[in-house]
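Results of the structural survey
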Amino acid sequence: MQIFQQLLNELDQKEPSEQLEFIHKFRKQAIADIVNITQRGLIVYVSDFKKNLPPQFGITNSITWEDKTCFADIVNDFSTRDIDIFIHSPGGSAEATELLVSLLRAKFDSVRFIIPNMAKSAATMMALSGDEILMDEKSELGPIDPQIQINGNFVPAQTLIDGFEEAKEIIRSSGPEILPAYLPMLNKYDLHILQICKNAKTLSETLVGNWLSEYMFKSEEDAQEISQSIARKLSNHTEYLSHGRPIKIQDALKLGLKILDLREQNELRDKIWSLYCVIELLLDRTPVIKLYENSVGAFLIKQIPIQIPQQNTGQKN
């Protein structure tokens, strides 16, 4: 079923002034259709991967502390204790993710995460706080190995840890005469960076291990052992070699995660993809960079600030 093409065709038949209204109505109906099938509340949290803006814009597509205000609004007003989270995000701060998970878990007893396309890094961490994850062949999770920003670039924390450890072992085994060969690398980073890397890796593993044990595997006798094993694998950079490596539905099932396979529920699967496609159109055709919405009427957005050009007020001679 060519959902995205059908949406484009319908949109192109509208006058430009009517297109946003069409997108708004279609999105609302798609949310209502999903809720009608699942009989659960629905929260939508979507970021535009393509709008990765420099810091001077003061807004980011990542999970940050600034999500707290909008997120607090969209978890309110539900009478149900069962919720689905429709998430599409490149990830962000593990600490901010912990805060958002605490908001969800304080409000709801049963939490499921719907992955229509991609939930990477800290967004994968958030999904692993659920009781179950809904995926199909289009869905992607990602490794949770933390990335440390150094000189404007993000570097896998484990790569730095491994580099320090390798240099230490070679110097120990070869003697001090080998030290000059490794001094440029050792001088490149402050020693406190190594501890920051270790702390970041421990934090992501600990959070995910605790969430899996407390929620997804709470009914298992060996919940803690299963949870810690999965958390270690997902945070192991040498396991995936790239932070952007996709973890598809078959990989998630092999890991032992509790996955609801949307390929076995065609009606729900089509409605979820319809919602994602119309949101993608909204992101492509507007300055919206983040969308927060729920099935009981809340709709909040963050968008790129419009830059108003400075006018020259000087008089001509």
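Look up a bit, the structure's there.
These lines cover the structure that appears in this document, whether it is placed above or below. All figures in this text were calculated on a predicted structure; none of them were measured in a lab.

Glancing now at the overall build of the protein chain. When its secondary structure is counted, the protein chain shows 12 helices and nine strands. With 317 residues in all, the protein chain has 47% of them scored as buried. Pairs at least 24 residues apart make up 73% of the contacts formed inside the protein chain by residues separated by at least 6 positions. When the accessible surface of the protein chain is split by element, carbon and sulfur atoms take 49% of a total near 16400 Å².

On to the pairing of strand β9 (residues 299-303). Here strand β8 (residues 288-294) pairs with β9 via five bridges, running antiparallel. Across the sheet, residue Lys290 finds its bridge partner in β9, namely Lys302. The hairpin turn running from β8 into β9, its antiparallel successor, is four residues long, and Gly297 in that turn takes a positive phi close to 110°.

On to the environment of Asp284, then. Here Asp284 is to be found in helix α12 (residues 266-285). Residue classification places Asp284 among the partly exposed positions, given a relative accessible area of 41%. Sequence-wise, Asp284 and Asp48 are 236 residues apart; in three dimensions their C-alpha atoms are separated by 8.5 Å.

As a packed pair, helix α1 (residues 3-12) and α12 sit with axes 9 Å apart at the nearest point and diverge in direction by 50°. Considered as vectors, α1 and α12 are oriented oblique to each other. Once α1 is placed against α12, the crossing between them reads as right-handed. The residues of α12 that touch α1, namely those facing Ile3, Phe4, Leu7, Leu8, Leu11 and Asp12, are Asp270, Trp273, Ser274, Cys277, Val278, Glu280, Leu281 and Arg285. Among the residues forming the contact of α1 with α12, the class breakdown is nine nonpolar, one polar and four charged.

Ordered in space as β7-β4-β3-β2-β1-β8-β9, the seven strands form an open sheet in which the pairing is mixed. Since the sheet does not close on itself, it has two edges, and those belong to β7 (259-261) and β9, each with one partner. When strand polarity is set aside, the average angle formed by the axes of neighbouring strands in this sheet is 20°. Taken together, the three bridges between strand β3 (residues 110-114) and strand β4 (residues 132-135) define a ladder with parallel strand orientation. Pairing of Arg112 across the sheet is with Glu132, part of β4. Running over the sheet, helix α3 (residues 67-74) touches β1 (41-47), β8 and β9 and is turned about 25° from β8.

Another point: the nonpolar core. Core analysis: the biggest nonpolar cluster contains 50 residues, and Ile43, Phe113, Ile115, Ile133, Leu141 and Leu257 have the highest contact counts within it. Ranked by residues supplied to this core, first place goes to helix α8 (residues 191-216) with six residues. Residue contacts for Ile133: discarding those within four places in its chain leaves Phe113, Ile115, Ala127, Leu128, Leu141, Met216, Lys258, Ile259 and Leu260. Counting residues in hydrophobic clusters, the runner-up holds 28 residues, among them Ile31, Phe86, Leu282 and Val288.

Quick look at unusual backbone geometry now. The phi torsion at Gln39 lies on the positive side, around 60°, for a residue other than glycine. Tracing the chain through its elements places Gln39 in the loop between α2 (16-38) and β1. Here the phi dihedral of Ser121 falls at roughly 55°; this positive angle occurs in a residue that is not glycine. On the secondary structure map, Ser121 appears in the loop between β3 and α5 (122-127). The exposure class of Ser121 is buried, given its relative accessible area of 14%.

Definitions and cut-offs
Residue numbering note: each chain is counted from 1, following its sequence as written. With the structure being a predicted model, the display of local features is reserved for residues of pLDDT at least 70 and the display and counting of side-chain atom pairs for 80 or more, all residues being used for whole-chain, interface and lining totals. Water and hydrogen atoms were dropped before computing side-chain values, which therefore reflect all heavy atoms in the structure. Secondary structure is summarised from DSSP: a helix means a run of H or I of at least four residues, a strand means a run of E of at least two, and numbering begins at the N terminus for each. Exposed residues in this analysis have more than 50% of their type's maximum accessible area, buried residues have under 20%, and partly exposed residues fall in between, with area computed by a 1.4 Å probe over protein chains only. A contact between two residues is defined here by any heavy atoms of the two lying within 4.5 Å. Throughout, the Shrake-Rupley method with a 1.4 Å probe supplies accessible areas, and for residues the shown protein chains are the sole cover considered. When DSSP finds two or more bridges between a pair of strands, those strands are recorded as paired. A fitted line through C-alpha atoms serves as each axis, taken over the contacting stretch for helices, and the angle formed by two N-to-C directions is quoted from 0 to 180°. Throughout, the term roughly parallel applies to angles under 35 degrees, roughly antiparallel to angles over 145, roughly perpendicular to angles from 65 to 115, and oblique to all others. Crossing handedness is read from the near helix: turned anticlockwise from the far helix by less than a right angle, it gives a left-handed crossing, and turned clockwise, a right-handed one. Polarity classes work like this: nonpolar for Ala, Val, Leu, Ile, Met, Phe, Trp, Tyr, Cys and Pro, charged for Asp, Glu, Lys and Arg, and polar for all others, with Gly in that last group. Buried Ala, Val, Leu, Ile, Met, Phe, Trp, Tyr and Cys residues that are joined via side-chain atoms within 4.5 Å together make up what is termed a nonpolar core.

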